[in-house]
Amino acid sequence: FTAGGGGGENTIVPGTASGFPPFEMKEGDEVVGFDIDLLEAVVAETDYELADWEDLNSFDSLIPSLRNGNIDAIAAAMTITDQRDENIDFSDPYYSANQSILVREDGDFQPSELSDLQGHQVGSQSGTTGESVIQGMVDEGNFQESNYNAYDTYVLAVTDLENGNIDAVVLDEPVAASFASERSVSVSFVYETGEQYGFGVRTDDDELQTALNDGLAAVRESGTYQDLTSEWFGE
Ligand code: ARG
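Residues numbered from 1 in each chain as written. Predicted model: local features only at pLDDT ≥ 70, side-chain atom pairs only at ≥ 80, totals over all residues. Heavy atoms only, no water.

Sorry, what's going on with the site of the ligand here?
The immediate surroundings of the ligand are formed by 14 residues, with Ala77, Thr79, Arg84, Thr129 and Asp172 found nearest. In this structure, alanine 77 approaches the ligand through a main-chain N or O atom, which is 2.8 Å from a nitrogen atom. In the model, a nitrogen atom of the ligand is placed 2.6 Å from a nitrogen or oxygen of the aspartate 172 side chain. In isolation the ligand has 340 Å² of accessible area, and contact with the protein removes 100% of it. A per-class count over the shell around the ligand returns seven nonpolar, four polar and three charged. When we break the shell around the ligand down by domain, the ones giving at least three residues each are domain 1 (11-94 + 198-233) and domain 2 (97-193). (Near = heavy atom within 4 Å. Polar contact = N/O pair within 3.5 Å; in protein donor to acceptor, adjacent residues only side chain to side chain. Areas by Shrake-Rupley, 256 points an atom, 1.4 Å probe, with all protein chains shown as cover. Nonpolar A, V, L, I, M, F, W, Y, C, P; charged D, E, K, R; others polar. Domains from an automatic or database assignment.)

Here's what the structure looks like:
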C-alpha cells in the first residue's frame, strides 16, 4: 500500500459522466457533486485511495472503460440493472430514484402518463434507464422510434427542450428536480421505476467491491451519508 495516492496498487481511478446534477457536474475544470463526495467519503473508510477523476464524455463509455481498465470504479448515478450486472459488479445500493418527465415550464404540453407522449418528440441520454423507458414504449408499439431523440448528455437534452426542438425529456427524478429549479422546465409527472444506484466495479474485483460496501456502511453509520444528502438534495 502506497501512501499519498501516488499510483500505488491500492490507488483506484474513479470514473463518472458529468452533466447529471446534483450527482456529477462540471465546476470549472473540476467535477463535483453527491457521487463525487460520496465515493470520496466511502473510499476514505477503506485501504484504497482515489486517483484523479476521469470524467467521460458519454455515459455509454463508462462500462467499456471500466472493463478495459481505464477506470476502476464507476460513480455515475448508475442504476443497478440485470443487463449491466452481466458485465460488471455493483456495490450495495446507495440511492433510490424513479423517472420523471420534464416539459417546458408554462408550455401547452403537460402529459400525465406515458401514453400521452405518443406523437411528441421525446429525448433522453443514450444508454440510460430513461432511454429504456422510451424503448419499452417503442417495443410495445406505443411510441414511434422516429420521435425519439438520443443525446450524449441530459444538459443537451434539456437545452433542446427549452428551445422547443423537443417536447419532453425522460430522466431520473432527482436530476429532473435539479434542472426544474434552474432552467425553464418543470416536472410533468413521475413514472415509478424503483431504481437503485450502485458503484460499478470489474467482476474480478471482489476485494474492491467488499471494501466499497464496508465503506458505504461506515458512512451511513457515521452520519456522513446523511450530511451529504442534506448538502446536495436538501433532504
Ligand atoms: N440512472 C440512470 C441510468 O443508470 C441515468 C444515469 C445517468 N448518469 C450520468 N452520470 N449521466 O441509466
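Explanation requested: the nonpolar core in the structure shown.
When a protein is soluble and globular, its nonpolar side chains tend to lie buried together. In terms of nonpolar packing, the biggest core is built from 43 residues, with Phe23, Phe34, Leu38, Leu102 and Phe199 touching the most fellow members. Every element with two or more residues in this core is listed here: helix 1 (34-44), strand 9 (95-104), helix 5 (154-162), strand 12 (168-172), helix 6 (173-182), strand 13 (185-197), helix 7 (206-222) and helix 8 (224-233). Here the element with the most residues in this core is helix 1; it accounts for seven residues. For this core, the two domains that each supply at least three residues are domain 1 (11-94 + 198-233) and domain 2 (97-193). Grouped together as the second largest cluster of nonpolar side chains are 15 residues, Phe109, Leu114, Tyr148 and Val170 included. (Core = buried A, V, L, I, M, F, W, Y, C linked by side-chain atoms within 4.5 Å. Buried < 20%, exposed > 50% of the residue type's maximum accessible area, 1.4 Å probe, protein only. Helix = DSSP H or I, 4+ residues; strand = E, 2+ residues; numbered from the N terminus.)

Can you help me understand the domain arrangement of the protein chain in this one?
Put simply, an interface is often sized by how much accessible area is lost when its parts join up. Examined at the domain level, the protein chain breaks down into domain 1 (11-94 + 198-233) and domain 2 (97-193). The gap between the C-alpha centroids of domain 1 and domain 2 is 25 Å. With 15 residues of domain 1 in contact, the opposing surface of domain 2 contributes 14 residues. Roughly 1,000 Å² of surface becomes buried between domain 1 and domain 2 when both sides are summed, with 62% attributable to carbon and sulfur atoms. On the domain 1 side of the contact with domain 2, Phe20, Pro21 and Phe59 bury the most area, a combined 44% of that side's loss. The interface formed by domain 1 and domain 2 contains zero salt bridges. Taken together, the connections running from domain 1 to domain 2 amount to one residue pair in polar contact (both at pLDDT 80 or more). Residue composition of the side of domain 1 that touches domain 2, grouped by class: seven nonpolar, six polar and two charged. (Contact = heavy atoms within 4.5 Å. Buried area = accessible area lost by both parts, 1.4 Å probe. Salt bridge = Lys/Arg side-chain N within 4 Å of Asp/Glu carboxyl O.)

Would you explain unusual backbone geometry in this entry?
Leaving glycine out, the prevailing phi sign among residues is negative, and the prevailing peptide bond configuration is trans. Backbone torsion omega between proline 21 and proline 22 reads 0 degrees, so that peptide bond is classified as cis. With respect to the element layout, proline 22 can be found in the loop between strand 2 (14-16) and strand 3 (25-27). Residue aspartate 106 is not a glycine yet carries a positive backbone phi of 60 degrees. Looking at the secondary structure, you find aspartate 106 in the loop between strand 9 and strand 10 (122-125).

Would you take a moment to explain the pattern of salt bridges for this structure?
A side chain with one charge can pair with a side chain of the opposite charge if their charged atoms come near. Applying the stated criterion to the full structure yields five salt bridges. We note a salt bridge from arginine 183 to glutamate 162, for which the minimum N-O separation is 2.9 Å. With arginine 183 in the loop between helix 6 and strand 13 and glutamate 162 in helix 5, the pair connects residues that are 21 residues apart, well separated along the chain. Among the ionic pairs, aspartate 205 bridges to arginine 202, the shortest N-O distance being 3.9 Å. We classify aspartate 205 as buried; its relative accessible area is 19%.

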